[in-house]
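# Coordinates in review
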Amino acid sequence: MSQVPAYKRILLKLSGEALMGDDSYGINRSTIEQIVGQIKEVVGLGVEVGIVIGGGNIFRGVAPAAAGMDRATADYMGMMATVMNALALKDAMTKAGLIARVQSALTMQQIAEPYVRGKAMQYLEEGKVVIFAAGTGNPFFTTDTAAALRGMEMNVDIMLKATKVDGVYTDDPKKNPDAVRYQSVTFDEAISRNLKVMDATAFALCRDQHLNIKVFSIFKNGALRRVVLGEDEGTLVHC
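Residues numbered from 1 in each chain as written. Predicted model: local features only at pLDDT ≥ 70, side-chain atom pairs only at ≥ 80, totals over all residues. Heavy atoms only, no water.

Formed by 42 residues in total, the largest nonpolar core has its most connected members in Leu 14, Ile 39 and Met 93. When residues of this core are traced back to their parent elements, those giving at least two are strand E1 (9-14), helix H1 (29-44), strand E2 (48-53), helix H4 (71-95), strand E3 (100-104), strand E5 (129-133), strand E6 (158-163) and helix H9 (223-228). Broken down by element, this core gets its largest block of residues, seven residues, from H4. Ignoring sequence-local partners within four residues, the contact set of Leu 14 consists of Ile 35, Ile 51, Val 52, Ile 53, Gly 54, Leu 89, Ala 162 and Ile 218. With 30 residues, the next largest nonpolar core counts Ala 120, Leu 124, Val 156 and Ile 213 among its residues. (Core = buried A, V, L, I, M, F, W, Y, C linked by side-chain atoms within 4.5 Å. Buried < 20%, exposed > 50% of the residue type's maximum accessible area, 1.4 Å probe, protein only. Helix = DSSP H or I, 4+ residues; strand = E, 2+ residues; numbered from the N terminus. Contact = heavy atoms within 4.5 Å.)

Quick look at the UniProt feature "binding site: ATP" (unreviewed entry) in the protein chain now. Taking the UniProt record as the reference, the feature "binding site: ATP" (unreviewed entry) is found at Lys 13, Leu 14, Ser 15, Gly 16, Gly 56, Arg 60, Thr 163, Tyr 169 and Asp 172. A stretch of 160 residues holds the annotated residues, and the largest C-alpha distance among them is 26.5 Å, long enough that they do not meet in one place. Summarising the element assignment, Arg 60 is placed in the loop between helix H2 (56-59) and helix H3 (63-66). Leaving out residues up to four positions away in the same chain, Arg 60 has contacts with Glu 17, Met 20, Ser 24 and Tyr 25. You can see Asp 172 is positioned in the loop between E6 and strand E7 (184-186). Residue Asp 172 is classed as partly exposed on the basis of its relative accessible area of 28%. Separated by 2.9 Å, the side chain of Asp 172 and the backbone nitrogen of Lys 174 make a polar contact. (UniProt positions renumbered as here; feature names shortened; annotations may be inferred. Polar contact = N/O pair within 3.5 Å; in protein donor to acceptor, adjacent residues only side chain to side chain.)

Our focus in this paragraph is the packing of helix H6 (residues 143-153) against helix H8 (residues 200-208). A pair of packed helices is captured by two measures, namely the crossing angle of their axes and the spacing between those axes. Viewed as axis vectors pointing N to C, H6 and H8 meet at an angle of 20 degrees, and their least axial separation amounts to 7 Å. Judged by the inter-axis angle, H6 sits roughly parallel to H8. Of the two elements, H6 crosses H8, and the hand of that crossing is left-handed. Of H8, the residues touching H6 (which contributes Asp 144, Thr 145, Ala 148 and Met 152) are Thr 201, Ala 202, Leu 205 and Cys 206. (Axes fitted to C-alpha atoms, helices over the stretch in contact; angles between N-to-C directions. Parallel < 35°, antiparallel > 145°, perpendicular 65-115°, else oblique. Left-handed = near helix turned anticlockwise from the far one by under 90°.)

So, about the pattern of salt bridges. As enumerated under the stated definition, the model contains 16 salt bridges in all. A salt bridge links Lys 128 to Glu 126, with the nearest nitrogen and oxygen atoms 2.6 Å apart. When its relative accessible area of 15% is taken as the criterion, Lys 128 is described as buried. Here Arg 207 ties to Asp 208 by a salt bridge, and the two come within 3.5 Å at their closest N and O atoms. A residue is classified by how much of its surface remains accessible, and Arg 207, at 29% relative accessible area, is partly exposed. (Salt bridge = Lys/Arg side-chain N within 4 Å of Asp/Glu carboxyl O.)

Printed below as a string of structure tokens:
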């Protein structure tokens, strides 16, 4: 089997929930180490990796209190949760022997660099992993939209959306055992079939800018490596 990557530069979108493992909220150490292990594999292949991370695992703990809050205030709290996840991810990467940098869309000079496109591009070219935190830095936008935006700014070859399900299915595979995984689907087909790939704003950005999306499970051992090598893993959403 060829070990030549199909992509030179990728943007990996990780949900905050992915870091919880089987816990109800927070960060599960063994889970984050498993994810970092997969990232280290592809970095070892010479692939340049940018990461956008969500904050749902931390924000979930305060979500009941946030229910009555001003939307913008709650969104800023969510952005800070993504910074906490980014720092945990960076720490795990450092322990695994990777060089990582956290760039935040919100200014937090003591703990993260401000987001600067040129600097991020330089880090990627040097083989460093860049973790983009705090979403877009604006309320009313999701981290899916931040991933689409950073992916386009970094000129990545593809966006990889890491989920708990190994692709996009005709139906919920947990509820319907006859559900079939799509190997590939066009953006227009995904819209017409009402397939939930990511939020509408992010999806439209990717479609309009011709940035393909691969949906796969980060919990399958070696899945990220197989995606990067161009093997049949997950679902490709393309123009």
